[in-house]
Amino acid sequence: MNAIAEWVELLRYDLGSWGWLGSSALKSTMWLGLALLLIAAAGRRSAAFRHVLGVAAALGIPVIFVLNLSPIPESAGWNPWLQSKAALMVKPVERIAETTGDPATHSVDFPGRKVEQRRSWIPFARLLAFEIWFCGVLVGLSLATLSLLRKPSPRGAVWRACASARIHRVLRAECRGFGWRRLPRIWLVQGSMPGVHRVLRPRVILPPEATGWEDSRLRDVLRHEAAHLARRDLTWQAVVLLALLLVWFHPLAWVLRRRLEISREEACDDAVLRAGSAGPDYADHLLALAGNGLGYRRSRQVLAAPASAVGERIRRVLCVNKVNRNPVSRTGALATGCVGLSAAAALGLLIGCETAQPAHAPLQIGREELPPIAPVRGGGGQYDILIQFSKRSVRPEQIQELPLLQKAAEGSVELLTPEEGWRYFFSQDIRGLDILTMPSVSEAPGKLVTNQVIRELVYPKSWDPGAGEYPPTPTAFDTTWTGVQASVTVQRGVSGNRVPLELQGEVRELEGFEGGEKGMPMPVIASRSLHRKGTFPNGSVFVLGTMEDEQNISDQTPVLGDIPVLGKLFRREWTDKRIGIIVMRVVVRDRE
């Protein structure tokens, strides 16, 4: 059981490492390999059944590609004043050695630590692989379209409508024998082999020598082509070709296509023999036609077997009692197709473990203009003080896209101008910002204004050890807080667009719990603080600090993800690491 679990975990890692295209290619490899093994195992079944298996396998490829596009949910944002339900962890920088009755705290002198940056070549490789794959699909579609428009005959060959009433009469009788009512047109093409061309208006192609063939050869050849028409092999060939274009780069796709061609021709050979043709005579006809058509280049839209497979077909025709030549009913074909597509759908819904971060859009700079701030007249009266908090979360590998954010995270920038702070942290057209505007407070110069949005955390600080079977119980409690708190004092001398301020700010967040008294868990608080005093432009933005947010995110396919052991294949789990840059904006206005 442990070996199976390890194999499942390794498979989930492989599925998630290369994104949608890589995961689809890996699943397609598994699917094509399984399909070819089933076709080989069905060697004693009829050729018609093997052909149905191959068609179902080919149709499973687009199902896998489409269902593999299951969206990855975006991670929830984090508010410093409202703790989210996601598991948040802040990596500590320094700690107090022992924990007493008070919670252990640690703080980092602003500006904080530097952010480790790593460049990855995986996104570039994914993009390059996708572009190559997409170009290959476009080239394949172009070639398929040209093959539909181009006449499938040797260059310079003349097409001539068949005027032989004998050939038309034989073809009509054979088509009706297979239940095909629409009589196709017959064309005589020099140097061609017998075959069927076109999907919408099928045409039967014969060499000019067909007008002089003996009755048995003409009947067997037209019976074979009528079997193609009745089985709708032209339509299925086009559908299979389009489906396999998604994995044009895969060798197993080409192997499957060749197996389909051989099984299709063998199924029509079986139909000819079931209709009453003699095996030895039909084998002679196959051998003669193959010798005449060795130099003929087949088109994708002509149903004619490759010459290299004629020997196997002849040996199969001459085996009288050892070959299963039974046809597949419509109900059996439909059931086989449904089972195959259901298996492909299950494989397409299989979710890999995305170890790398999900794809993300480039970082934005706000384009919204800074709202005008009226100059302060001064005079010693009361002022309206507006405090705004904002947190912008970015991924470590993404922060280098904007140098100003990188400097703020590293701590080399403590103060932003009103314009910079607005465009980077408060503009309404930036996605993913957590902004909180506190109610403005009126106060005279020199008076302390404190705004806070906190959540109290009550925890036990002492315990009764208990006795016997009774567990320890808390006897006393203490209180701490998490959130944001800021104190602003407007000094005297306010005038114009510059304001003398003394500012203190602190951000505290619950990191986790550690063993305290008698091994009972005690809260550990991460803290960032800032103290600034001076004259600043009105509306300046102060960087309080940074915190590393780590969210464990999981997603799963309903029902399938709950299966023991194998359910891991249908679950996705990853860790979303972000750096949260927390800032505070202070605006001073004259009291109305």
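Residue numbers run consecutively from 1 along every chain, following the written order of its sequence. Reporting in this predicted model follows two pLDDT cut-offs: at least 70 for local features of residues, and 80 or more for side-chain atom pairs to be given and counted; totals over whole chains, interfaces and linings ignore these cut-offs and use all residues. Think of the side-chain values as coming from all heavy atoms in the structure, minus any hydrogens and water.

Engineer: Even after reading the chapter, I still don't get the packing of aromatic side chains, so can you show me in this structure?
Structural biologist: The relation between two aromatic rings is expressed through the spacing of the ring centres and the mutual angle of the planes. Here the aromatic set is Phe, Tyr and Trp, taking the six-membered ring for Trp, and pairing holds for ring centres within 6.5 Å; pairs whose planes are under 30 degrees apart are stacked, those over 60 apart are edge-to-face, and all others are tilted. Tallied over the full model, the rule gives 4 aromatic pairs. On the basis of an interplanar angle of 15° and a centroid distance of 6.0 Å, the ring pair of F65 and W133 is categorised as stacked. Residue F65 is found in helix α3 (residues 47-67), and its partner W133 is found in helix α4 (residues 122-149); the two are separated by 68 residues along the sequence. Exposure classes here rest on a 1.4 Å probe applied to the protein chains alone. A residue is buried below 20% of its type maximum, exposed above 50%, and partly exposed in between. W133 sits in the buried class, given a relative accessible area of 8%. An angle of 90° between the planes, with centres 5.1 Å apart, marks the rings of F536 and F542 as edge-to-face. Note on F542: relative accessible area 1%, which makes it buried. A ring is considered to have a charge above it if a Lys NZ or an Arg CZ atom is located within 6 Å of its centre and within 35 degrees of its normal. Its guanidinium or amino end placed over the ring of F49, R45 lies 4.2 Å from that ring's centre, counting from NZ or CZ. By definition, any uninterrupted DSSP run of H or I lasting at least four residues is a helix, any uninterrupted run of E lasting at least two residues is a strand, and each is numbered from the N terminus.

Engineer: Explain unusual backbone geometry here, please?
Structural biologist: In most cases, non-glycine residues show a negative phi, while peptide bonds are predominantly trans. Despite not being glycine, R232 has its phi angle at roughly 55°, a positive value. Here R232 shows up in the loop between α6 (215-231) and α7 (233-244).

Engineer: What am I meant to see in a nonpolar patch on the surface here?
Structural biologist: Like charges within 9 Å and nonpolar side chains (Val, Leu, Ile, Met, Phe, Trp, Tyr) within 5 Å are joined into patches, using only residues over 30% in relative accessible area that form no salt bridge. Computed with a 1.4 Å probe, the accessible areas rest on the Shrake-Rupley method; for each residue, only the protein chains presented here act as cover. A pair is scored as a salt bridge if a Lys or Arg side-chain nitrogen falls within 4 Å of a carboxyl oxygen belonging to Asp or Glu. Taken together, the side chains of F130, F134, L138, L141 and L242 define a hydrophobic patch exposed on the protein surface, amounting to about 430 Å² of accessible area. With 4 residues, α4 is the single largest residue contributor to the nonpolar patch. Checked against the element boundaries, L138 lands in helix α4.

Engineer: What am I meant to see in the environment of W20 here?
Structural biologist: Relative to the elements of secondary structure, W20 occurs in helix α2 (residues 19-41). Each C-alpha atom of the pair W20 and N68 lies 6.7 Å from the other, and the pair is 48 residues apart in sequence. Residues count as neighbours in contact if any of their non-hydrogen atoms are within 4.5 Å of one another. Setting aside its immediate chain neighbours within four residues, W20 contacts F65, N68, L69, F130 and W133.

Engineer: I'm lost on the confidence of the model for the protein in this one. Help?
Structural biologist: Taken over all residues, the pLDDT of the protein has a mean of 76, while the share at 70 or more is 76%. The least confident element of the protein, judged by mean pLDDT, is strand β1 (residues 104-108) at 30; the most confident is α3 at 92. Confidence scores here are pLDDT values: one per residue, from the predictor, ranging 0 to 100. Low confidence marks residues 294-302, where pLDDT is under 50. Its contacts with residues over four positions away, or in another chain, come to 34 contacts. Residue range residues 353-359 is modelled with pLDDT below 50. Its contacts to residues more than four positions away, or to other chains, number 21 contacts.

Engineer: I'm lost on the layout of surface pockets in this one. Help?
Structural biologist: To find leftover empty space, a probe the size of one water molecule is rolled over the atoms. Cavity: a set of points on a 1 Å grid over the protein atoms alone where a 1.4 Å probe fits but cannot get out. Pocket: an open set with protein on both sides within 12 Å along at least five of seven lines, its lining residues, like those of a cavity, having an atom within 4 Å of a point. Grid points are joined across faces, edges and corners, and a volume is the space filled by probe spheres set on the points. The space that makes up the second largest pocket amounts to roughly 870 Å³. Lining the second largest pocket are 30 residues, and of these R231, W236, V328, R330 and A333 lie nearest its centre. For the lining of the second largest pocket, the secondary structure elements donating two or more residues are α3, α6, α7, α8 (251-274) and α11 (330-349). Classifying every residue of the lining of the second largest pocket by side-chain character gives 18 nonpolar, 5 polar and 7 charged. Polar here means any residue outside two lists: the nonpolar Ala, Val, Leu, Ile, Met, Phe, Trp, Tyr, Cys and Pro, and the charged Asp, Glu, Lys and Arg; Gly therefore counts as polar.

Engineer: Whenever I open this one, empty space enclosed by the protein confuses me. Can you help?
Structural biologist: Going through the model one piece at a time under the given rule, you end up with 4 cavities of 30 Å³ or more. Size it by volume and the second largest cavity reaches roughly 140 Å³. In this structure, the second largest cavity is lined by 12 residues; those nearest its centre are Q237, V240, R257, E261 and R264. Of all the secondary structure elements, the ones that give two or more residues to the lining of the second largest cavity are α3, α7 and α8. Residue contributions to the lining of the second largest cavity peak at 5 residues, all from α7.

Engineer: Sorry, what's going on with the sheet that holds strand β2 (residues 159-161) here?
Structural biologist: Ordered in space as β2-β3-β5-β4, the 4 strands form an open sheet in which the pairing is mixed. Strands with a single pairing partner mark the edges of an open sheet, and in this sheet they are β2 and β4 (195-197). Pairwise comparison of adjacent strand axes, ignoring direction, gives a mean angle of 35° for this sheet. Think of it this way: DSSP has to see at least two bridges between two strands before they count as a pair. Pairing analysis gives 3 bridges linking β4 to strand β5 (residues 203-206), with the strands arranged antiparallel. By the bridge assignment for β5, H197 is matched with R203. Where helices are involved, their axes are fitted lines through C-alpha atoms of the stretch in contact, as for all axes, and angles between N-to-C directions lie from 0 to 180°.

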